[in-house]
Amino acid sequence: MKPPAFEYVVAETVEEATARLAEYGDDARPIAGGQSLVPMMNFRLVSPAVLIDIRKIAPPDTIEEADGHVRIGALTRHRALETSPLIADRFPVVTAAMKHVAHLAIRNRGTIGGSLCHADPAAELPAIAVLLDARISVARQGGERTIEARDFFEGALWTAVGDDEIVTRIDLPLLPPGAGWGFHEFARRHGDFGLAGAAATVTKSAGRATEVRIALLGVGETPVRAHAAEALLTGSDFGPDAVAAAAVAVRDGIDPTDDLHASADYRRHLAGVLAERALADAWGRAGNGAS
Amino acid sequence: MSGIATAGAADVARPGIVGARVQRREDPRLLTGRGTYVDDRKVDGAVHIAFCRSDRAHARIGRIDAAGARQAPGVLGVFTAGDIDAVARPIRATSNMPDYRATELEPLARGKVRYVGEPVVAVVAENRYLAEDAAGLVSVDYDPLPEVTDPEAALEDRALLHESAGTNVIAAREFARGDVDGAMAGAAIVVEDRFRIRRKTPSAIENRSCLAEFEAGRQALTLHASTQVPGLLRDALAEIFDLPGRRLRVVAPDVGGGFGAKASLYPEEVVVCALAMRLGRPVKWTSDRMEDLTATSQAFDEIVRARLALEPDGRFVALDADVIGDVGAYSIYPWTASLEPVQVVSFLPGPYRLQNYRGRVRAVATSKAPMGPYRGVGRPISTFVMERLVDMAAKKLAMDPAELRARNLVRDDEFPYKSGSGIVWDRSGFQDCLRSALDRFGYAQRRTEQAAARNEGRLVGIGIASYAELTGIGSRISAAPGMPINTGTERATIEIDSTGGVTAAFGIASHGQGLETTLAQIVAEELGVRVEDVEIIHGDSAAVAHSTGTYASRSTVLAGGAATLSARALRKQAIEAASYLLEAAEADIEMRGGVISVAGTDSSITLRELARAFYTEMRRIPKEARESLELSASATYDPFFGTTTGATHVAEVEVDPQTFGVTVRNYVVAEDCGRIVNPMIVDGQVHGGVAQGIGAALYEEVVHDESGQILTGSFVDYVVPSAAEIPDMAVIHLETESPSTLGGYRGMGEGGTIGAPAAIANAVADALSGLDARVNELPITPDRLFRLIRDAEQRKGESRYEA
């Protein structure tokens with residue numbers, strides 16, 4: 001379990017990193033926290049000829065608010081996101097989700113850009129990006145573009161980021177005032193990838209939901225939004241029947257597969273249960289939007 | 001949270017070194033990264049092996065193309081079966097057990113491969129990176145052979161894994177006592193089921209590792225190996241390489257866990273030795289985790305059909321069981337493929353009064369890693385099956401499961417008791433363990449709380465498991481029945497050197513149990529010195545003339561016994577030598593805390609002074625005495641039969657009725673391991689054993705697909721519980737005097753793993769008792785529980801599940 005030989009270069013700026021990527025093409029992989037890439041290299045599942053170390057690109061991690069969104073640098077460690085007072089205030093759902101990301105040692109090393117690009121369908125951050133309609137900025141030599149979270153994840157471990165691009169930041173548009181939130185995940189062991197998980201936000205006004213979002217992890221090739229369930233609940237009073245119907249819609253809207261740890265049937269069942277729990281929490285935490 | 005409920009009479013009378021919570025002397029080293037494991041051993045000129053392992057479960061080996069690998073940078077050679085055969089005899093685990101068929105294990109596969117992960121080609125290079133690069137260039141042609149993966153299908157012998165055996169059933173045995181059929185026919189009630197426990201791998205934190213160094217000048221071979229059995233390996237390798245034992249040394253330095261998986265001889269160990277001799281360079285191989293999960297011995301893979309018959313008052317009258325053990329591709333040396341499944345039928349009657357018993361076992365070879373010993377060996381399965389049957393019977397009789405056990409556990413006045421399978425329980429607090437565990441658990445109160453929780457729709461369950469095991473087994477019955485090794489004795493040599501230092505040498509090999517501490521306590525107490533004065537040598541075949549090592553809950557009993565005998569002999573000689581210096585009669589001299597004194601006087605000398613007088617200051621002790629005495633003693637201890645260790649575990653679990661997650665809420669162990677050397681270490685052993693048992697019950701499973709591919713090649717997929725999944729537990733120690741062992745010690749290293757799967761399974765079944773759900777398969781994963789509950793509810797026509 002040793003990686004084959006590779007070249008190692010350090011890029012200190014985005015321009016330098018993208019120039020290197022342009023030079024080496026798909027023989028190169030950027031490395032930051034290395035929490036997914038290094039194990040994959042040790043298993044020889046990937047064998048990049050060149051590793052471009054992007055950790056020195058400044059600023060290393062930034063979390064700041066501007067113009068109706070919170071902007072997070074791609075090199076921000078999971079732990080920084082987890083402990084950020086700004087995130088805890090604006091996006092408590094992110095703080096809650098981060099606690100489910102592996103173990104402290106991994107959160108101290110892993111970066112959010114790395115997690116998004118690794119695109120494990122059971123990972124928390126991709127589901128959060130989809131939930132919050134994140135905009136993900138990527139750079140390549142001589143250019144930059146922004147990808148909506150819904151377009152970012154193309155398959156398991158597969159994203160819209162090109163071989164010559166790196167993720168530079170993620171922008172989370174602020175939620176409406178008073179938005180409630182919920183996050184529930186079920187894993188066999190503390191710190192494992194969830195067998196399934198659900199994140200929700202709910203905004204309400206005069207006892208009715210004005211905006212509902214549900215994102216699911218671990219139930220398919222990519223994190224998904226449960227649009228049908230969202231539509232059922234929007235405008236509802238979140239009564240037991242409405243929530244039960246939404247859970248049915250969650251289950252009907254996904255197509256999980258069997259794997260070693262969970263059958264498709266069980267995952268589908270679990271997604272409904274966790275979505276109900278996340279929705280109940282979100283509804284309970286939501287304040288009236290007018291306030 | 002742990003507690004000591006009772007202290008043995010010996011403890012109260014004499015709060016000595018034995019029985020004290022002495023801190024583990026190995027911990028400062030091991031916990032601060034100063035341990036020295038095999039892989040830490042850096043030797044000039046060492047080269048490294050990467051193995052090309054079979055990616056087929058069952059196939060004939062065709063052409064092996066290693067031309068590219070031989071040319072690769074840093075490669076010293078590429079070797080196949082023929083290269084090793086030229087210098088090494090095949091490994092053959094023999095036994096005189098009837099219906100046992102030995103299978104030869106070639107260090108590198110010859111002719112065909114029989115499991116995914118079997119070593120086929122050894123690539124040797126200057127470092128492991130280059131070796132792996134070159135291994136990637138080797139291509140092996142395989143001609144597929146029919147699958148032999150399902151143990152029940154393999155019984156039919158449509159395809160054979162070992163043609164020479166003529167059958168896939170490589171061991172079979174039957175125990176029968178009394179009139180099972182008659183008792184079954186006449187019984188008031190019978191409970192039965194088909195039980196399945198899925199394959200485990202012991203997963204020690206340190207992967208296997210070995211380093212062979214051959215000194216051409218002395219024609220001497222030294223193997224450093226991460227093993228529990230250095231002496232056993234030395235003896236085996238001496239045969240395999242036809243080398244005299246005095247020029248063959250096997251050293252187990254610090255070893256990071258074994259759990260039985262490091263108690264066997266492995267092909268890789270033979271290969272490093274063969275190639276070190278051939279290449280004239282030290283040769284190292286350190287397993288990576290994937291190799292460990294695929295090619296280290298696996299365990300606990302059985303299908304058991306069992307029936308228990310009872311009288312209306314709950315008395316057990318008959319037990320009948322048929323066991324199929326999936327023993328994997330080869331019969332492991334020295335234990336053979338029979339070890340694990342035969343123990344299932346040997347121990348199935350448990351600590352209960354039961355005279356009509358029939359247990360039949362067949363060990364079936366399949367295309368999987370060989371089955372070997374794993375903490376508990378067979379007894380986690382026998383206990384799971386028997387204890388489930390007891391709870392099923394209690395439910396059928398509408399009797400409290402604790403009461404049903406109390407009615408059937410062997411009582412104190414019935415020892416020694418010969419069990420249904422012929423095992424003799426010498427004496428153990430079976431009833432005491434049950435009572436103490438229930439008391440500490442607060443059984444009656446918790447049953448009340450459980451009823452209240454159930455009324456709220458919560459699935460709370462309580463499970464009990466009682467078991468008994470034989471530990472410290474001596475030469476009369478053997479831990480390895482029919483096998484040509486002696487597991488019944490251990491030897492110790494204790495010496496006082498010229499500085500007064502005490503060194504005690506053993507053949508056992510501590511690999512995490514704290515034996516450096518416990519043996520030092522025994523030596524210190526028996527000799528009359530301070531614990532810190534005693535150095536313990538272990539894990540080295542050169543330390544004593546014969547030893548097999550540490551396994552089968554034997555080291556405290558056997559090595560502790562040898563320590564006791566040799567310490568007593570040494571003490572006698574030291575006192576005799578001191579008698580010349582103190583000018584007193586031996587009978588008046590005592591030795592305590594390293595000081596030798598004349599009773600009732602202030603006349604004394606230290607051990608250091610004695611040693612100086614004995615070895616250096618030649619005029620102080622007469623020549624004749626110095627020549628006839630020795631400040632050294634050796635002894636061998638043989639417990640002959642061995643002794644009984646019993647315990648009761650009580651678990652409380654809660655099942656989430658929606659996610660099917662199982663949380664272990666409370667856990668109590670009451671165990672009787674006789675006289676305790678170090679309660680803190682016993683606590684730790686119980687905690688760790690229970691954790692592994694919880695793993696067996698809820699998490700761990702080696703999975704193969706139909707074609708024999710292993711799907712659990714990493715710790716992402718082979719799920720071992722972490723600290724977060726393990727509850728606090730209360731441990732109660734009973735110290736029933738063992739009449740059978742020197743010092744009254746009993747083995748206890750495995751017990752936690754034996755009781756926990758059954759206790760958890762019973763607790764989960766109890767949580768689901770409102771449903772007709774058959775909890776008969778381990779591990780109880782959330783997905784299995786989902787299907788179990790869905791199926792049960794669908795039978796009742798009240799499904800809540802969309803799928």
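Everything numeric in this text was worked out from a predicted model, so none of it was measured.

Engineer: Would you mind going over the overall build of chain A in detail, with residue names and values included?
Structural biologist: Broken down by element type, chain A carries twelve helices and 14 strands. A compact globule built from 291 residues would reach a C-alpha radius of gyration of about 19 Å, and chain A, at 19 Å, matches this within 12%. Based on the C-alpha atoms only, the size of chain A along its principal axes is roughly 60 × 45 × 30 Å. Going through the 291 residues of chain A one by one, you find that 54% of them count as buried. Across chain A, the mean location of the 29 positive side-chain charges is 5 Å away from that of the 39 negative side-chain charges.

Engineer: Explain the confidence of the model for chain B to me, using residue names and the numbers behind them.
Structural biologist: All names here are of chain B. Looking at chain B as a whole, the pLDDT averages 94, with 97% of positions reaching at least 70. Note that residues 1–14 has pLDDT below 50 and, in this model, 27 contacts with residues that lie over four places away or in other chains. The complex prediction reports pTM at 0.95, with the ipTM value standing at 0.95.

Engineer: Describe a nonpolar patch on the surface, naming the residues involved and giving the relevant values.
Structural biologist: Together, Ile477, Phe640 and Phe641 of chain B make up an exposed nonpolar region whose accessible area comes to about 270 Å². Inspection of the secondary structure puts phenylalanine 641 of chain B in the loop between strand E27 (632–637) and strand E28 (643–655).

Engineer: Explain the interface of chain B and chain A residue by residue, including any values.
Structural biologist: Listed by partner, the interface residues are 36 residues for chain B and 24 residues for chain A. Summing both partners gives a buried area of about 2600 Å² for chain B against chain A, and 59% of it is carried by carbon and sulfur. Where chain B packs against chain A, one counts four salt bridges. If you look at where chain B meets chain A, you find 17 residue pairs in polar contact (both at pLDDT 80 or more). Considered class by class, the residues forming the side of chain B that touches chain A number 18 nonpolar, seven polar and eleven charged.

Engineer: Before we move on, could you go through the domain arrangement of chain B and cite the residues and values that matter?
Structural biologist: All names here are of chain B. Once the domains are mapped, chain B shows domain 1 (38–145 + 207–255 + 262–295), domain 2 (302–475 + 640–795) and domain 3 (489–637). Put simply, the middle of domain 1 and the middle of domain 3, counted by C-alpha atoms, are 40 Å apart. Taken together, the contact pairs 15 residues of domain 1 with 15 residues of domain 3. Contact between domain 1 and domain 3 buries roughly 1100 Å² in total, counting both sides, with carbon and sulfur atoms accounting for 46%.

Engineer: Provide a residue-level description of the environment of glutamate 630 of chain B, including the pertinent values.
Structural biologist: Looking at the element boundaries, glutamate 630 of chain B is found in the loop between helix H19 (623–628) and E27. The contact partners of glutamate 630 of chain B, leaving out residues within four places of it in the chain, are Leu570, Gln573 and Phe614 of chain B.

Engineer: Please give an account of the packing of aromatic side chains that cites residues and values.
Structural biologist: Enumeration over the complete set of coordinates arrives at 16 aromatic pairs over all chains. Relative to tryptophan 283 of chain A, the ring of phenylalanine 238 of chain A lies with its centre 4.5 Å away and its plane at 5°, an arrangement referred to as stacked. Taken together, the positions of phenylalanine 238 of chain A in the loop between helix H10 (227–233) and helix H11 (240–252) and tryptophan 283 of chain A in helix H12 (residues 264–285) put the pair 45 residues apart, joining distant regions of the chain. Given the relative accessible area of 17%, tryptophan 283 of chain A is considered buried. With centroids separated by 6.3 Å and ring planes inclined at 55°, the aromatic side chains of tyrosine 266 of chain A and phenylalanine 660 of chain B adopt a geometry described as tilted.

Engineer: Tell me about the pairing of strand E17 (residues 357–365) of chain B, residues and numbers included.
Structural biologist: Residue and element names in this part refer to chain B. Most of E17 is tucked away: seven of the nine residues are buried. Sheet analysis places strand E9 (residues 169–177) next to E17, joined by eight bridges and oriented antiparallel. Within the sheet, the bridge partner assigned to phenylalanine 175 lies in E17 and is glycine 359. One ladder, built from nine bridges, connects strand E16 (residues 316–328) with E17; its direction is parallel. Paired with aspartate 322 across the two strands is arginine 360, which belongs to E17. Following the chain from E16 across helix H11 (residues 339–347) to the adjacent parallel E17, one finds a crossover that is right-handed.

Engineer: Explain a negative patch on the surface to me, using residue names and the numbers behind them.
Structural biologist: On the surface, Asp26, Asp27, Asp163 and Asp164 of chain A cluster together to form a negatively charged patch. Take aspartate 164 of chain A: it is sitting in the loop between strand E9 (158–159) and strand E10 (166–173).

What counts, and at which threshold
Residues numbered from 1 in each chain as written. Chains lettered and ligands numbered in written order. Predicted model: local features only at pLDDT ≥ 70, side-chain atom pairs only at ≥ 80, totals over all residues. Heavy atoms only, no water. Helix = DSSP H or I, 4+ residues; strand = E, 2+ residues; numbered from the N terminus. Rg over C-alpha atoms; globule rule 2.2 N^0.38 Å. Buried < 20%, exposed > 50% of the residue type's maximum accessible area, 1.4 Å probe, protein only. Lys, Arg positive; Asp, Glu negative; His and termini not counted. Charge placed at Lys NZ, Arg CZ, Asp CG, Glu CD. pLDDT = per-residue confidence, 0-100. Contact = heavy atoms within 4.5 Å. Patch = residues over 30% accessible without salt bridge, like charges linked within 9 Å, V, L, I, M, F, W, Y side chains within 5 Å. Areas by Shrake-Rupley, 256 points an atom, 1.4 Å probe, with all protein chains shown as cover. Salt bridge = Lys/Arg side-chain N within 4 Å of Asp/Glu carboxyl O. Buried area = accessible area lost by both parts, 1.4 Å probe. Polar contact = N/O pair within 3.5 Å; in protein donor to acceptor, adjacent residues only side chain to side chain. Nonpolar A, V, L, I, M, F, W, Y, C, P; charged D, E, K, R; others polar. Domains from an automatic or database assignment. Phe/Tyr/Trp six-rings, centres within 6.5 Å; stacked < 30°, edge-to-face > 60°. Pairing = 2+ DSSP bridges. Right-handed = clockwise from strand over helix to strand, strands pointing away.

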